[in-house]
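Structural overview for review
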Amino acid sequence: MSLFRQSPRDPEFVQNPYPAYQRMRDLGRAVFWEEYGFWCFPHFHEVHALLRDRRFGREVLHVAARKELGWTPEPEHLAPFSAFEAATMLEREPPVHTRLRGLVNRAFTARATDRVEPYVRALANRMIDEFTGDETDLLKTFCTPIPVYTIAHLLGMPAERTDDMLGWSHAMVAMYQFGRDRATEEAAVAATLEFSAFVEDYIATRRRNPGDDLLSHLIAAEEDGDRLSTQELVATCILLMNAGHEATVHAMGNAIKTLLETGVAAGDAFECAARAKRTVDELLRFDPPLHMFTRFALQDVRVGDVSLNKGDRVGLLLGAANRDPARYDAPDRFAIDREALTHTSFGGGIHFCVGAPLARLELAVALSALFERLPGLALSGTPRYADTYHFHGLEALQVRFNSGAC
Ligand code: HEM
């Protein structure tokens, strides 16, 4: 067995997990990550294939199967959070997944998201206008507000409540961090209850006063009959709010760090829309904000040398697959002229990120505006990543800029 020992909370790993991923790939096609207690796949080939393999799924096996496998029942104090998860497309498989995803898909096609471009551009410029002095923490003043306001705008959620929604979201996604404790769980449950109550109330307001936004469209789908239950409507709304900003905030932070550290000329990186798109994808390959997603084996299955039983969990290491030398030349080099190759940062298969066109657009528009307006932008100090694996994002992004330039 290729046993791999590495605490996901080791400070060196948190700051730079890529050497550990190389060690994993050297060990074998699959490694048993001791701290997680399941098999993980660090090569591009397996990650790409398993994301699309219908013998694996996100849905925790139904109750009867769980009993048969001797699974312990979920602790009662987590019930509200589990009920929320179970009503979201992220945790479901077809046919429920197909129905839920079909309802939001149209709002996030490339064409539909293009319509939001003027909003994102104006927002990015407004954020830059609000910088004062000659130093700022971009994570707070730029990378966070842009995705949060944009997804709230698309959904039709009230912009003045974004601080509350941010707090609830952070508490909920902490459930996916390695080594979570009881306090984290209780905070996540409290946030789920408060966020759900808020969304339910807000839905009532929107029902009386619908607009041309995603929430109003989802409400219409609920009123249409059995296509969306109220619980699914609330959960979909919360999922979109949370997923709609958590990863994009850190994708943007990591991207700015990469551009400033590597000194790639912004004029080259964002010289036209096509080039900006390629730059964004190379940034997402090079330092993605989400490094691991898991799947359950839905049947007994063999992957290479590894035999898995129905119900076994496996880890798909997106961050490692993106640096696989079998797939990318000199994978540890950030190269905007790299031949356009797909990466795994948005997942793949039926759960492929619904918001990928939106995230790409936000990154291209916001980064172009930032580097155009502030040509002298430079890091002040070394940015540090937060201890939040499987998330990979910065604690802060302190920069200097020449205020005369904006
Ligand atoms: C750079 C930013 C983003 C990254 C790196 C990212 C990454 C991902 C990944 C890896 C998955 C697949 C999870 C799995 O296979 O288990 C996913 C799913 C999802 N993402 Fe994103 N995401 C980003 C932005 C967004 C945005 C802006 C939205 C807003 C709508 C969004 C909404 C979703 C949803 C709803 C799913 C679940 C899809 C499904 O289960 O069918 N994401 N994302």
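Calculation notes
- Residues numbered from 1 in each chain as written.
- Predicted model: local features only at pLDDT ≥ 70, side-chain atom pairs only at ≥ 80, totals over all residues.
- Heavy atoms only, no water.
- Pairing = 2+ DSSP bridges.
- Helix = DSSP H or I, 4+ residues; strand = E, 2+ residues; numbered from the N terminus.
- Contact = heavy atoms within 4.5 Å.
- Axes fitted to C-alpha atoms, helices over the stretch in contact; angles between N-to-C directions.
- Salt bridge = Lys/Arg side-chain N within 4 Å of Asp/Glu carboxyl O.
- Buried < 20%, exposed > 50% of the residue type's maximum accessible area, 1.4 Å probe, protein only.
- Parallel < 35°, antiparallel > 145°, perpendicular 65-115°, else oblique.
- Left-handed = near helix turned anticlockwise from the far one by under 90°.
- Nonpolar A, V, L, I, M, F, W, Y, C, P; charged D, E, K, R; others polar.
- Near = heavy atom within 4 Å.
- Polar contact = N/O pair within 3.5 Å; in protein donor to acceptor, adjacent residues only side chain to side chain.
- Lys, Arg positive; Asp, Glu negative; His and termini not counted.

**Some thoughts on the sheet that holds strand β9 (residues 313-317)**
The strand order across the open sheet built from six strands is β1-β2-β3-β9-β6-β4, with neighbouring strands paired in mixed fashion. Strand pairing shows two members of the sheet lacking a second neighbour, β1 (3-4) and β4 (56-57), which therefore form its edges. Pairing geometry for β4 and strand β6 (residues 292-297), over two bridges, is antiparallel. Pairing of F56 across the sheet is with A297, part of β6. Seen against the sheet, helix α3 (residues 44-51) touches β3 (38-41), β4, β6 and β9 and runs at an angle of roughly 120° to β9.

**Re the pattern of salt bridges**
The tally for this structure, following the rule as stated, stands at 22 salt bridges. Here R9 makes a salt bridge to D387, at a shortest N to O gap of 2.6 Å. Of this pair, R9 sits in the loop between β1 and α1 (11-15) while D387 sits in the loop between β10 (378-379) and β11 (398-400), placing them 378 residues apart in sequence. Owing to a relative accessible area of 33%, D387 belongs among the partly exposed residues under this scheme. For D129, the salt bridge identified is with R373, shortest N-O distance 2.6 Å. In this pair, D129 sits in helix α8 (residues 117-129) while R373 sits in helix α19 (residues 356-373), placing the two residues 244 residues apart along the sequence. Among the residues examined, D129 registers a relative accessible area of 54% and is labelled exposed. Judged by relative accessible area, R373 falls into the buried class, the value being 17%. Several salt bridges converge on common partners, so that one network encompasses E282, R285 and R338.

**With respect to the packing of helix α5 (residues 79-86) against helix α12 (residues 182-208)**
For the pair α5 and α12, interaxial distance at closest approach is 8 Å and the crossing angle is 60°. Taken together, the axes of α5 and α12 lie oblique to each other. Crossing of α5 against α12: the hand is left-handed. On α12, the residues touching P80, F81 and F84 of α5 are A188, V189, T192 and L193. Residues of the contact of α5 with α12, tallied by class, amount to six nonpolar, one polar and no charged.

**Here's the deal with the pairing of β3**
The pairing of strand β2 (residues 31-33) with β3 spans three bridges and is antiparallel. Directly across from F32, in β3, lies its bridge partner W39. With antiparallel pairing between neighbouring strands as the criterion, β2 and β3 make up a hairpin whose turn holds four residues, including G37 at a positive phi of roughly 80°. As judged from the three bridges shared by β3 and β9, these two strands associate in the parallel manner. Looking at β9, one finds that W39 is bridged to V314.

**Looking at the site of the ligand**
In the region of the ligand, 28 residues are neighbours, and R58, H97, R295, H351 and C353 sit closest. Side-chain polar atom of R295 to an oxygen atom of the ligand: 2.7 Å apart, as the coordinates give it. Secondary-structure elements contributing two or more residues to the shell around the ligand are α6 (96-105), α14 (230-243), α15 (246-262) and β6.

**Regarding helix α10 (residues 145-155)**
With respect to burial, α10 is a largely interior element, eight of its eleven residues being buried. Where α10 is concerned, the buried positions are P145, I146, P147, V148, T150, I151, A152 and L155. One or two residues past the end of α10 sits G156, with phi positive at roughly 85°.

**Notes on the side chain of D287**
Secondary-structure assignment places D287 in the loop between α17 (273-286) and β6. Summary of buried charges: D287 has no salt-bridge partner, and the nearest side chain of opposite charge, K257, is 4.9 Å away. Reaching out from D287, the side chain makes a polar contact with the side chain of H392 at a distance of 2.9 Å. The residues contacting D287, other than those within four sequence positions of it, are Y18, N254, T258, Y385 and H392.

**Side note on the environment of D181**
Note that D181 resides in the loop between α11 (162-173) and α12. Given the relative accessible area of 43%, D181 is considered partly exposed. Here the alpha-carbon distance between D181 and A265, two residues 84 residues apart in the chain, equals 44 Å.

The analysis is restricted to geometry; functional conclusions fall outside its scope.
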